[in-house]
Amino acid sequence: MSGEPDDGPITGPGTVGQAPYEVVLVTGISGSGKSVALHALEDAGFFCVDNLPPELLREFLRLESQRSERRVAIAVDSRSASSLPQLMPLLDQLRGEGVLIRSIFLDSSSDTLVRRFSETRRLHPLSHETGDAIDRHRALVDAIELERELLAELREVSTIIDTSQLRPAQLRSWIHNLVHAPGNRFTLVFESFAFKHGVPLDADYVFDVRVLPNPYYIRELRPLNGRDSPVANYLQAQPEVGEMLSQIESFLARWLPAFEADQRSYLTVAIGCTGGQHRSVYFVEMLARWFDSRAITLVRHRELDAKD
């Protein structure tokens, strides 16, 4: 018997007629929440492995398929930097063999990452201990930028979640929503946000609705949000609101087929207003309702979810 590894298709007992073999690849910038994401996936019924070297991925999946394990989550990051060039071709091969692979990339702003590492006193995997505080800060920033370069190609083909403003409970919820959406259909993500807290890093398109009438300045509407009927009724009565909403809907409807034809599996559309409570929330709810029959739609309210 040969001792060479088998590079053939991944199969296992009972493969025929079973649900597709499902793999979630969790990657992203160190400090952006991969541990939280893996715990969320474990709660969702995935068998999770952290920091698996890419060169072991095929053999690991083969072993799990023989155990009839159908849902696996694997974290891969810059700790396997020397092996990362092997990962993209391998993912293409596995997809060609019918393995359903969903890649989730967690990202955060550099300022947020620096603060998190400073608070936890952890060392970035690509940085090294240096003398004074200034040198340590510079080394950390340099390590973050290097990691962005190493993972740039993988980021381009992944579903991105910006965790800069997210609490762990929010991230767990968003992960659950992603993995419960059918992985073989185009997914359209609508996300509301407040410009005062920054534009989401995961947005493919950003629309600014701050120019529209603001319910915040109406006393009885201020404590409500865009999901509440009084706010929705107020916004529906404003002609410019309907005009902008229609134009955004037309733009997306025109270009969605092009994104699907380009083999994109998801598109994130971010709608921003001043506080992320009224106008942006209303737009996201309306757009998700309109596109629900054309794609898998997910709704995220960055500021509202933070309060739940």
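Residues numbered from 1 in each chain as written. Predicted model: local features only at pLDDT ≥ 70, side-chain atom pairs only at ≥ 80, totals over all residues. Heavy atoms only, no water.

Chemist: When you look at the packing of aromatic side chains in this model, what are you seeing that I'm missing?
Modeler: Enumeration over the complete set of coordinates arrives at nine aromatic pairs. The interplanar angle of 20° and the centroid separation of 6.3 Å between the aromatic rings of phenylalanine 47 and phenylalanine 60 together place this pair among those described as stacked. Residue phenylalanine 47 is found in strand β2 (residues 47–50), and its partner phenylalanine 60 is found in helix α2 (residues 57–66); the two are separated by 13 residues along the sequence. A residue is classified by how much of its surface remains accessible, and phenylalanine 47, at 36% relative accessible area, is partly exposed. Among the aromatic side chains, those forming a connected cluster through ring pairs are Tyr205, Phe207, Phe251 and Phe259. Above the plane of the ring of phenylalanine 195 lies arginine 210, whose end atom (NZ or CZ) is 3.7 Å from the centre. Note that arginine 222 overlies the ring of tyrosine 216, its terminal NZ or CZ placed 4.2 Å from the centroid. (Phe/Tyr/Trp six-rings, centres within 6.5 Å; stacked < 30°, edge-to-face > 60°. Helix = DSSP H or I, 4+ residues; strand = E, 2+ residues; numbered from the N terminus. Buried < 20%, exposed > 50% of the residue type's maximum accessible area, 1.4 Å probe, protein only. Lys NZ or Arg CZ within 6 Å of the ring centre and 35° of its normal.)

Chemist: Teacher, can you tell me more about the layout of surface pockets here?
Modeler: Rolled over the atoms, a probe sized like a water molecule indicates the empty space that remains. Its boundaries defined by the atoms lining it, the largest pocket holds a volume of some 680 Å³. Around the largest pocket, the lining is made up of 26 residues, and of these Arg95, Ile101, Gln263, Arg264 and Ser265 lie nearest the centre. Secondary-structure elements contributing two or more residues to the lining of the largest pocket are α3 (84–96) and β4 (100–107). Residue composition of the lining of the largest pocket, by class: 10 nonpolar, eight polar and eight charged. (1 Å grid on protein atoms, 1.4 Å probe; cavity = no way out; pocket = protein on both sides within 12 Å on 5 of 7 lines; lining within 4 Å. Points joined across faces, edges and corners; volume = space filled by probe spheres on them. Nonpolar A, V, L, I, M, F, W, Y, C, P; charged D, E, K, R; others polar.)

Chemist: Is there a simple way to explain helix α6 (residues 168–180) in this structure?
Modeler: Note: α-helices contain 3.6 residues per turn, so residues at a spacing of three or four share the same orientation. Counted at 1.5 Å a residue, the expected span for α6 with its 13 residues is 18 Å, and the 18 Å between its end C-alpha atoms agrees. Of the positions making up α6, those classed as buried are Gln170, Leu171, Trp174, Ile175, Leu178 and Val179. What you see down the axis of α6 is that its buried residues fit within an arc of 160°, all on one side. (Expected span 1.5 Å × (residues − 1). Arc of directions from axis to C-beta.)

Chemist: What is the right way to read the pattern of salt bridges from this model?
Modeler: Two side chains bearing opposite charge may form a pair once their charged atoms approach each other closely. Counted under the stated rule, the structure contains 13 salt bridges. Put simply, arginine 115 and glutamate 119 hold a salt bridge, and the shortest N to O gap is 3.6 Å. On the criterion of helical spacing, the pair formed by arginine 115 and glutamate 119 is a turn pair, its members being four residues apart in helix α4 (residues 110–120). By relative accessible area, arginine 115 is classed as partly exposed at 43%. The exposure class assigned to glutamate 119 is exposed, which follows from its relative accessible area of 57%. Arginine 294 is the salt-bridge partner of glutamate 249, the closest N and O atoms lying 2.7 Å from each other. You can see glutamate 249 sitting in helix α8 (residues 239–261) and its partner arginine 294 sitting in the loop between α9 (279–291) and β9 (296–301), a full 45 residues away along the chain. The class for arginine 294 is partly exposed, based on a relative accessible area of 40%. (Salt bridge = Lys/Arg side-chain N within 4 Å of Asp/Glu carboxyl O.)

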